[in-house]
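# Observations on the model geometry
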Amino acid sequence: MKKIVAIGGGTGSAVVLAGLKDYKDIDLSAVIVVSDNGGSTGRLRDEFGFLPVGDLRQCIAALATGENEKEIRQLLLYRFDQNSSLQGHNLGNLILTSLESLTGSASKAVEVASKIFRINGAVLPISEDSVHLVIHYRDGQILVGEKNLDNPQFGGKKINKITLDKEAKIYDKAYRAIADANLVVFGPGDLYGSLLPHALVNGFVQALAENKQKGGKFVYVSNLVTHFSQTYQMTARDHLLEIEKYCQRKPDFVLMNNSPIPEEILKLYQKANDFPIIDDLKNEEETQIIRDDLISTAIVKAEKNDALSRSLIRHHKQKLAENLLKLI
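This write-up is about the structure you can find in this document. Since this is a predicted model, take the numbers as computed values, not measurements. (Residues numbered from 1 in each chain as written. Predicted model: local features only at pLDDT ≥ 70, side-chain atom pairs only at ≥ 80, totals over all residues. Heavy atoms only, no water.)

Along the chain, the regular secondary structure elements total 12 helices and 10 strands. Against the globule reference of 20 Å for 328 residues, the chain gives a C-alpha radius of gyration of 18 Å, in line with a compact fold. For the chain, the share of sequence-separated contacts (at least 6 apart) that also reach a separation of at least 24 residues comes to 76%. In the form shown here, the chain has an accessible surface area of approximately 14800 Å², with 48% of it arising from carbon and sulfur atoms. (Helix = DSSP H or I, 4+ residues; strand = E, 2+ residues; numbered from the N terminus. Rg over C-alpha atoms; globule rule 2.2 N^0.38 Å. Contact = heavy atoms within 4.5 Å. Areas by Shrake-Rupley, 256 points an atom, 1.4 Å probe, with all protein chains shown as cover.)

So, on to the nonpolar core. The nonpolar side chains of a soluble globular protein tend to be buried, and buried together. Grouped together as the largest cluster of nonpolar side chains are 51 residues, with contacts concentrated most on Ile 178, Phe 186 and Phe 204. What Ile 178 contacts, discounting residues up to four positions off in sequence, is Val 5, Ile 7, Val 31, Ile 126, Ile 170, Val 184, Phe 204, Ala 207, Leu 208 and Asn 211. (Core = buried A, V, L, I, M, F, W, Y, C linked by side-chain atoms within 4.5 Å. Buried < 20%, exposed > 50% of the residue type's maximum accessible area, 1.4 Å probe, protein only.)

It is worth spelling out the sheet that holds strand β7 (residues 183-186) at this point. Reading across from one edge, β3-β2-β1-β7-β8-β9-β10 is the order of the seven strands in this open sheet, with parallel pairing throughout. Of all strands in the sheet, those bounded by a partner on one side alone are β3 (122-125) and β10 (288-292). Sheet twist, expressed as the average angle between the axes of neighbouring strands with direction ignored, equals 20°. Across the face of the sheet, helix α1 (residues 11-20) comes into contact with β1 (2-8), β2 (26-32) and β7 while running at roughly 170° to β2. On the sheet, helix α9 (residues 204-213) packs against β1, β7 and β8 (217-221) and is oriented at approximately 140° with respect to β7. (Pairing = 2+ DSSP bridges. Axes fitted to C-alpha atoms, helices over the stretch in contact; angles between N-to-C directions.)

Considering all chains together, one arrives at 15 salt bridges under this definition. With a shortest N-O distance of 2.8 Å, Glu 111 and Lys 173 are connected by a salt bridge. A residue pair is termed long-range when its members are at least 10 positions apart, and Glu 111 in helix α6 (residues 106-116) and Lys 173 in helix α7 (residues 172-179) qualify at 62 residues. Residue Glu 111 is classed as partly exposed on the basis of its relative accessible area of 32%. Residue Lys 173 is classed as partly exposed on the basis of its relative accessible area of 42%. With a closest N to O distance of 3.2 Å, Arg 249 and Asp 252 form a salt bridge. With relative accessibility at 6%, the residue Arg 249 sits in the buried group. With relative accessibility at 18%, the residue Asp 252 sits in the buried group. Taken together, the salt bridges that share partners define one network made up of Arg 176, Asp 180, Glu 210 and Lys 214. (Salt bridge = Lys/Arg side-chain N within 4 Å of Asp/Glu carboxyl O.)

Taken as a whole, this structure holds five aromatic pairs when the rule is applied. Seen from their ring centres, Phe 186 and Phe 204 are 6.4 Å apart, and the 40° between their planes marks the pair as tilted. Of the two residues, Phe 186 is situated in strand β7 and Phe 204 in helix α9; the sequence distance between them amounts to 18 residues. When sorted by exposure, Phe 186 lands in the same class as Phe 204, which is buried. Here a set of aromatic residues connected by ring pairs shows up, and it is made of Phe 186, Phe 204 and Phe 218. The aromatic ring of Tyr 137 is capped on one face by Lys 157, whose charged end is 4.7 Å from the ring centroid. (Phe/Tyr/Trp six-rings, centres within 6.5 Å; stacked < 30°, edge-to-face > 60°. Lys NZ or Arg CZ within 6 Å of the ring centre and 35° of its normal.)

See below:
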């Protein structure tokens, strides 16, 4: 069995997991960020004080298999409409929040949900500690809360660094999943919202270091476009340097899409001041750049009653999976 761990948030990691879950001889895990506080997740977090469940729920849905896979995904992703007192809430979030209340922790809640829905893999929070993201901008402004990273009011501002509002310890099963993996997949996902917060958790850098000592490979899957309120005008190399700084490890590989984004999708992104990430990467002694057609040309339709802005185009799950499997 080859062990693969996907590290990120909900949307990006879900694509990785959906592409890999049906391959045999793969022990698949997802390690997911726990500093989210936007949308339905944020509302539930404020009301109950539990760890955020939205990204965990997306990964559970992505790993659903079997004859009822479609129905399970529909159940976990169903969002209540405006005619309900639960408007905007996601059914999967409510299920996980209920399980968190019953079991006493997010990790146990996910374990129970994973058994109920018979997923092909493991979904693990990076930490069991409740933390919030702190964003430090170059102009001196400091904001608390991951949801600020999606606020266009702060678009174009350069981020100096991110921190957590208090110390957090890595969840022991997440540590082992990372340290023992044959392949660690970092991304795709929002750089400052879904990826780098993992490195702020005590033990994450050490897990990556142990992975390297054991011969594991570390791959960064580059995003397709910049994010106006996070990575405006940042090139691929800018992203990579931030990852190396926070993770204290150079990726062995970087996967870059080299296929053009359809014009109609580009225009939609440009309206939001988002643009394709400029590929200014070069092969180095420790890092190999792999370029391929990795995109799905289908436009992702906005989910009804979803208060958050989502990406319009995503990686193609099969193309991404095939490239990842070549690395091991």
